[in-house]
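Results of the structural survey
The residues making up each chain are set out below.
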Amino acid sequence: MPELTPLDQIDPASLDDYLKVMSKAVFQSGMSWRVVDSKWPGIQEAFQDFDARKVADFSALEVEALANDKRVIRNRRKLAAIVNNAQKMIELEREHGSFRSYLRSYGDFDATVAALCKDFKFMGPTGCYYFLYVVGEKVPPHEEFRAAYRK
């Protein structure tokens, strides 16, 4: 994971913003950050700028088409995970009133990471750290995180 700075943080205005950041974490799982960054404009276009409701409605045929689209990282499992994650975000937003409320309902970083890993596909601890940091949630210092979650 590249060094994160306050410039990497956003103030999410909608579920689409959360989906965009989470999707980047999904694609970065097990891949070079440089590869993801180089493909990111095409990925955003293919996923309709991460409009959560549109992505949640992608059919199996649309996911299959994406798996053959040179603009994206053509990992079928990750592509399907983005659709699944959009569906789950919509469900959790409905259940909690907002996605931010869902994230803050767990009280601490470790519990939030555990929930994200359980509720979303291709989200491991490092992806969760990245996601939470970028969307402006509280995370421990990176050195502490690495020490606690070192494999």
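See the structure printed just above.
We now turn to the structure provided with this report.

Further remarks concern the nonpolar core. With 50 residues, the main nonpolar core has Phe-27, Phe-47, Phe-99, Leu-103, Leu-116, Phe-120 and Phe-131 as its most contacted residues. The set of elements that each furnish at least two residues to this core consists of helix H1 (15–28), helix H2 (33–46), helix H3 (52–56), helix H4 (60–66), helix H5 (76–96), helix H6 (99–104), helix H7 (109–119) and helix H8 (125–134). A per-element tally of this core places H1 first, with 8 residues. Each residue touching Phe-120, except ones within four places of it in the same chain, is listed here: Met-22, Asn-85, Lys-88, Met-89, Leu-92, Phe-99 and Tyr-102.

Turning to the packing of H1 against H8, a few remarks are in order. Direction vectors running N to C along H1 and H8 enclose 155 degrees, while the axes themselves pass 9 Å from each other. Taken together, the axes of H1 and H8 lie roughly antiparallel to each other. The handedness of the crossing between H1 and H8 is right-handed. Contact with H1, carried on its side by Tyr-18, Val-21, Met-22, Lys-24, Ala-25 and Gln-28, involves Gly-127, Tyr-130, Phe-131 and Val-134 of H8 and no other residues of that element. In the contact of H1 with H8, the residues fall into 7 nonpolar, 2 polar and 1 charged.

A separate point is the packing of aromatic side chains. How two aromatic rings sit relative to each other is given by the distance of their centres and the angle of their planes. If you walk through the whole model with that rule in mind, you get 17 aromatic pairs. Seen from their ring centres, Trp-40 and Phe-50 are 5.3 Å apart, and the 15 degrees between their planes marks the pair as stacked. Of this pair, Trp-40 sits in helix H2 while Phe-50 sits in the loop between H2 and H3, and the two are 10 residues apart along the sequence. Residue class for Trp-40 comes out buried when judged on its relative accessible area of 9%. The class of Phe-50 is buried, set by a relative accessible area of 0%. Centroid distance Phe-99 to Tyr-102: 5.2 Å. Interplanar angle 35 degrees. Geometry classified as tilted.

Our focus in this paragraph is unusual backbone geometry. The phi dihedral of Asp-49 is positive, around 55 degrees, even though this residue is not glycine. With respect to the element layout, Asp-49 can be found in the loop between H2 and H3. Residue classification places Asp-49 among the partly exposed positions, given a relative accessible area of 41%. Phi is positive for Phe-50, which is not a glycine, with a value near 60 degrees.

So, how was this worked out
Residues numbered from 1 in each chain as written. Predicted model: local features only at pLDDT ≥ 70, side-chain atom pairs only at ≥ 80, totals over all residues. Heavy atoms only, no water. Core = buried A, V, L, I, M, F, W, Y, C linked by side-chain atoms within 4.5 Å. Buried < 20%, exposed > 50% of the residue type's maximum accessible area, 1.4 Å probe, protein only. Helix = DSSP H or I, 4+ residues; strand = E, 2+ residues; numbered from the N terminus. Contact = heavy atoms within 4.5 Å. Axes fitted to C-alpha atoms, helices over the stretch in contact; angles between N-to-C directions. Parallel < 35°, antiparallel > 145°, perpendicular 65-115°, else oblique. Left-handed = near helix turned anticlockwise from the far one by under 90°. Nonpolar A, V, L, I, M, F, W, Y, C, P; charged D, E, K, R; others polar. Phe/Tyr/Trp six-rings, centres within 6.5 Å; stacked < 30°, edge-to-face > 60°.

Keep in mind these numbers describe shape, not what the thing actually does.
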